Structures are given as C-alpha cells and as structure tokens.
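Coordinate analysis (summary)
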Amino acid sequence: MLSKKHITYGTAVLLLLTVFFTGCKSTSAAAKLEAGNELSAWKGEWQSFSAISGATQLNDAYRMQAEKMPYYTEDGLKAAVSGMFATPIIKAKFDGSNTVLFTVMDKDGNEKQIPCEYRYTGMKPMQGMKGRSWYTFEAIKPVQGLAGAQYFIIVPPHRDSEDSLLHWHARFGSKDIKSLVEGDPLWWPTYADTAVSHESLLKEMTDTIKEVAEMLPKAPLMPYTGKWINTALIYDDPRPAVQEAYAKLIKEFSGKKDGSDFTKEEIIMMAKKSYGTASDFTHLEFITDNDKNEMVVWKDMTELSRVAYSRDGANKLRATANAFVASDRQKAGKFAFLSMTTPHGTPAHMHIWYGMKPSEIEKTDGKKPTCIPADSSEELVATRVLGTCRKLLKEATK
C-alpha cells in the first residue's frame, strides 16, 4: 500500500505509463512462448532509444520544454528523460532461440557484440499496471562483459496505436529479477527495429520529450517527499528488535573473525564506516506541496538549511543518480549540489552524496550514505540493520 506521501508521485507515474502503453492492449497480443525458445517472440534486430536520447539535435526540444518547468534545468530535463531510457544494451539480435547477441560499449567506448544464452523464469506482475506483466529471463551462466545483463525483464513488441512505431521495453541488471520489477517506476528502456532510420528515431524522441515533460512531477523532489533519517543513527537504536538483529549476526558469524566472534560494537563500527556517522545531518525533509521543491537539512532538532532545488544534469562522479542544484548555493553550503538515488528496495531507502561543488560529492560522510523514512517501524529498522550488517560481515569474512 502506498503511503500518503507517495500517492501524488504514484499518480504522476501512472500518467507517464500511459505514454508508453496507451492503446497497446488492443494492438498487441501477449507473446506466444515456445518452450526452450521463449525469446522467439522478439526475433529480429533491435536498437535502443538510449543511444539518441542525448543527441545534440534534440537540444532545442529539451530547452523549449525546460523553459516551462521551474524546477528543471535544460540538462536536468535531458537527464530525467535519458534516465528513463538508460540501458547497458545498445542493440539486441534475437534469432528465434534463447541465445541473444547483445551490443554493448566497452570501457574504451567501442561497440562490442557478446552472445548470451538465457532461461525463461516466468511472468511477474508489472507494478502500477493492472493486468500487465513482465516476461523474466536469467542467463544460463555469467558471461564476461555482460554482468549488467545477467537478468532481464521484458514486454512483447507492440504499437501504441495502429500507425505508431513497433517497439518493446526491457530492464537489464546484475542483481536479481525482483530488483528489476521493483525498479524506478520511471525506468522504461525502449527498443525499435534497427531498420528504423536515425531521423525517424529523432522524431519519435522529440515527441516523447514533450509528452514526458508534460507528465513529469512539477516538483522533481516528489519521490522523496517526507522526512528521512540518516541510517547512521539506526545502528545505535536500543529497541529490542534491533538488538535482537545484532544477536543473530553474532551467532551467524560465530568464530569467523580469525577464530573469534565479532562484537556488537565492531559491527556498528563497520556499518558507520560504510554508511556514515551522521556528522553532517541526522534528518532530511523534502517538501513538495504548494508548488515547493525544497530540502530541509536537520541536525537533531536544529534546522541547518531550507533551500529550493532544481533537477540538474547528471554528476559525472555519480552518473546513475539524480542530480540537483540549490537555488541559493551559499545558504545550502555543503548541500549545494546533490546526487541521490531514487528510493528503492525493501525496506525503502535512498543514497545521497553532496558537496559545495559537484567535485566534492566524493567527500560525503560515509562510502554509501543512506536514508530511510523517518517513520519506519521498529521491525523495518531491524530488517535494515540485519541486511546491511550481514552484507558487510560477509564481505569481511570472505
């Protein structure tokens, strides 16, 4: 169930989904799967929209739309739209079997083709779209160069109207199917036939930029609305469920610290080294009602700053996170520039890096500073402590 603070954002997301799925129910049947060759429904060669979403020919389209959006810079709108189409797979060639030939970019920026065989793992309901599902696939074995496509979820080729472009959507990842299904609701990598010309793709993107700009939340901080607590604080939480989490961890990793046991204090120290010490802030509050787009920085009960922010172009040091710039950088201080992941996972959380300059976000307190909703229950806090500390202990005892 959505909390009240996410209802408005959820509504905006549902409106955006109509951009991708309006009409496709009547113009596209579900894929007919052939056992052992389930990917035959996608037979053909396909190209990603991600390759052109940042094309210079689209700059005028981004500029014209951004001028109407008070909390988006031109680069910010471009980053928001490009993020929707982001994918590690530039092209995909399906030959009717479950082996796919992917085109990716290598570390030198050159295109490279890599084949990979997949197994079908069933269908998963699409969040926010009643009656629609993802088809899910997992690589038979890891393939060098395709770590970002170990798993993928996909919808069949379809048209949004009788005369529109044939296309499909997919999400690729290295973690698991669940994280893809529960990924950012605004993440819709899109593929069209490679026979479609570059000019036609640019025309499609120009129209899409306008549609998406009209549907994006007026306040780009809307996904974060509400108050969040720095997780550096939750590791000292004295409540019973949290203390029981430490007892479980000590027992689970008994004798694995060079023959001895980890102490609770050592586990907490490891967590704070990774997630921060709350030296800069204890809570963040995001206010997006009444045409506002503000972040309030709290240190205990003291308000350190309250500033409006605009969605900005991606920060090179955190290219996959959402970037924001303060309207009053001096007042915002070390929070003048932000890079934040969209809230994700279970329990929900987000990571934030910040600095007085874009280059300073690497100086953020903690390697992976994290926040969770301030109203998280004792059980959710304990779940977060157990999960993050277990991960750190596994890494420490490899």
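It should be emphasised that the depicted structure is a prediction, and the values quoted were computed from it without experimental measurement. The residue numbering used here restarts from 1 in each chain and proceeds along that chain's sequence as written. Under the rules for a predicted model, residues below a pLDDT of 70 receive no local features and side-chain atom pairs below 80 are neither given nor counted, while totals for whole chains, interfaces and linings still include all residues. Computation of side-chain values: all heavy atoms of the structure, hydrogens and water removed.

Time to look at the overall build of the protein chain. In terms of helices and strands, the protein chain carries ten helices and 16 strands. Taken along the three principal axes of its C-alpha coordinates, the protein chain extends 60 × 55 × 45 Å. Note on contacts: a residue pair is in contact if any heavy atoms of the two residues lie within 4.5 Å. For the protein chain, long-range pairs separated by at least 24 residues make up 58% of all intrachain contacts whose partners lie at least 6 apart in sequence. With residues, only the protein chains shown are counted as cover, and all accessible areas are computed by Shrake-Rupley using a 1.4 Å probe. When the accessible area of the protein chain is evaluated, it comes to approximately 19,600 Å², of which 52% is carbon and sulfur surface. For the protein chain, the separation between the mean place of its 51 positive charges and that of its 49 negative charges on side chains is 3 Å. Each helix corresponds to a stretch of at least 4 residues labelled H or I by DSSP, and each strand to a stretch of at least 2 residues labelled E; elements are numbered beginning at the N terminus. Charged residues are defined here as Lys and Arg on the positive side and Asp and Glu on the negative side; His and the ends of the chain fall outside this count. Here the site of a charge means atom NZ of a Lys, CZ of an Arg, CG of an Asp or CD of a Glu.

Quick look at unusual backbone geometry now. Glycine aside, residues mostly have negative phi, and peptide bonds are mostly found in the trans state. Phi is positive for alanine 278, which is not a glycine, with a value near 65°. Mapping alanine 278 onto the fold places it in the loop between helix 8 (264-275) and strand 10 (283-287). Of note, the phi angle at aspartate 300 is positive, near 60°, even though the residue is not glycine. By the element assignment, aspartate 300 lies in the loop between strand 11 (294-299) and strand 12 (302-312). With a 1.4 Å probe rolled over the protein chains alone, any residue whose accessible area is under 20% of its type maximum counts as buried; one over 50% counts as exposed, and the rest are partly exposed. On the basis of relative accessible area, aspartate 300 is assigned to the exposed category, the value being 51%.

In this fold, histidine 158 is placed in the loop between strand 6 (151-154) and strand 7 (167-173). Here the side chain of histidine 158 touches proline 156 through a polar contact of 2.9 Å, landing on its backbone oxygen. Side-chain atoms alone can form a polar contact between residues adjacent in sequence; in general such a contact is a pair of N or O atoms within 3.5 Å, and within protein one must be able to donate a hydrogen while the other accepts it.

Okay, the pairing of strand 11 next. Consecutive residues of a regular strand have side chains that alternate between opposite faces of the sheet. Counting buried residues along strand 11, five of its six residues qualify, which places the element largely inside the surrounding structure. Any two strands are treated as partners once DSSP identifies two or more bridges connecting them. Of the strand pairs in this sheet, strand 10 and strand 11 are connected by five bridges, and their pairing is antiparallel. Following the sheet pairing, phenylalanine 286 is matched in strand 11 by methionine 295. Bridge count between strand 11 and strand 12: six bridges; the pairing is antiparallel. Bridging from a neighbouring strand, valine 297 pairs with serine 305 of strand 12.

Let us now look at the environment of lysine 273. Structurally, lysine 273 is set in helix 8. Sequence separation between lysine 273 and aspartate 365 is 92 residues, and the spatial gap between their C-alpha atoms is 8.8 Å. What lysine 273 contacts, discounting residues up to four positions off in sequence, is Gly366 and Lys367.

For Phe, Tyr and Trp, rings pair up if their centres lie within 6.5 Å, where Trp contributes its six-membered ring, and each pair is then called stacked (planes under 30 degrees apart), edge-to-face (over 60) or tilted (otherwise). Inspection of the entire model under this criterion finds 21 aromatic pairs. Aromatic pair phenylalanine 102 and tyrosine 118: ring centres 6.0 Å apart, planes at 75°, arrangement edge-to-face. Here phenylalanine 102, found in strand 3 (residues 99-105), pairs with tyrosine 118, found in strand 4 (residues 111-125); they are 16 residues apart in sequence, far enough to count as distant. The class for phenylalanine 102 is buried, based on a relative accessible area of 0%. With centroids separated by 6.4 Å and ring planes inclined at 75°, the aromatic side chains of phenylalanine 172 and tyrosine 191 adopt a geometry described as edge-to-face. Taken together, the positions of phenylalanine 172 in strand 7 and tyrosine 191 in strand 8 (residues 190-193) put the pair 19 residues apart, joining distant regions of the chain. Side by side, phenylalanine 172 and tyrosine 191 carry an identical accessibility label, which is buried. One aromatic cluster in this structure is built from Trp42, Trp46, Phe94, Phe102, Tyr118, Tyr120, Tyr135, Phe137, Phe152, Trp168, Phe172 and Tyr191. Above the plane of the ring of tyrosine 275 lies arginine 384, whose end atom (NZ or CZ) is 5.6 Å from the centre. Geometrically, a lysine NZ or arginine CZ counts as sitting over a ring once it is within 6 Å of the ring centre and also within 35 degrees of the ring normal.

Our next topic: the packing of helix 4 (residues 74-85) against helix 6 (residues 198-215). Between helix 4 and helix 6, the shortest axis-to-axis distance is 11 Å and the interhelical angle comes to 110°. The angle between the axes of helix 4 and helix 6 places the two elements in the roughly perpendicular class. Taken together, the residues of helix 6 that come into contact with helix 4 (itself represented by Leu77, Val81, Met84 and Phe85) are Met205, Thr208, Ile209, Val212 and Ala213. Note on geometry: axes are lines fitted to C-alpha atoms, helical ones only across the stretch in contact, with angles between N-to-C directions running from 0 to 180 degrees. An angle below 35 degrees is read as roughly parallel, one above 145 as roughly antiparallel, one from 65 to 115 as roughly perpendicular, and any other as oblique.

What follows is about the pairing of strand 16 (residues 370-373). As paired strands, strand 9 (residues 226-230) and strand 16 are joined by three bridges and run antiparallel to one another. When the bridges of strand 16 are listed, isoleucine 229 appears paired with isoleucine 372. Sheet analysis places strand 15 (residues 350-355) next to strand 16, joined by two bridges and oriented antiparallel. Each bridged residue has a counterpart across the sheet, and for histidine 351 the counterpart in strand 16 is threonine 370.

For this analysis, a salt bridge means a side-chain nitrogen from Lys or Arg found within 4 Å of a carboxyl oxygen belonging to Asp or Glu. Across all of its chains, the model carries 14 salt bridges by this definition. The closest approach of N and O atoms between lysine 178 and glutamate 182, which form a salt bridge, is 3.1 Å. For glutamate 182, a relative accessible area of 28% puts it in the partly exposed group. We note a salt bridge from arginine 239 to aspartate 237, for which the minimum N-O separation is 2.8 Å. Taking the relative accessible area as the measure of exposure, arginine 239 reaches 32% and is therefore partly exposed. Accessibility expressed as a relative area gives 11% for aspartate 237, which makes it buried.

Turning to helix 4, a few remarks are in order. The end-to-end C-alpha distance of helix 4, which contains twelve residues, comes to 17 Å, matching closely the 16 Å that a straight helix rising 1.5 Å per residue would cover. Along helix 4, nine of the twelve residues are buried, which leaves the element largely enclosed by surrounding structure. Within helix 4, the full set of buried residues consists of Gly76, Leu77, Lys78, Ala79, Ala80, Val81, Ser82, Met84 and Phe85. Every helix has an expected span of 1.5 Å times one less than the residues it contains.

In short, geometric facts, not functional conclusions.
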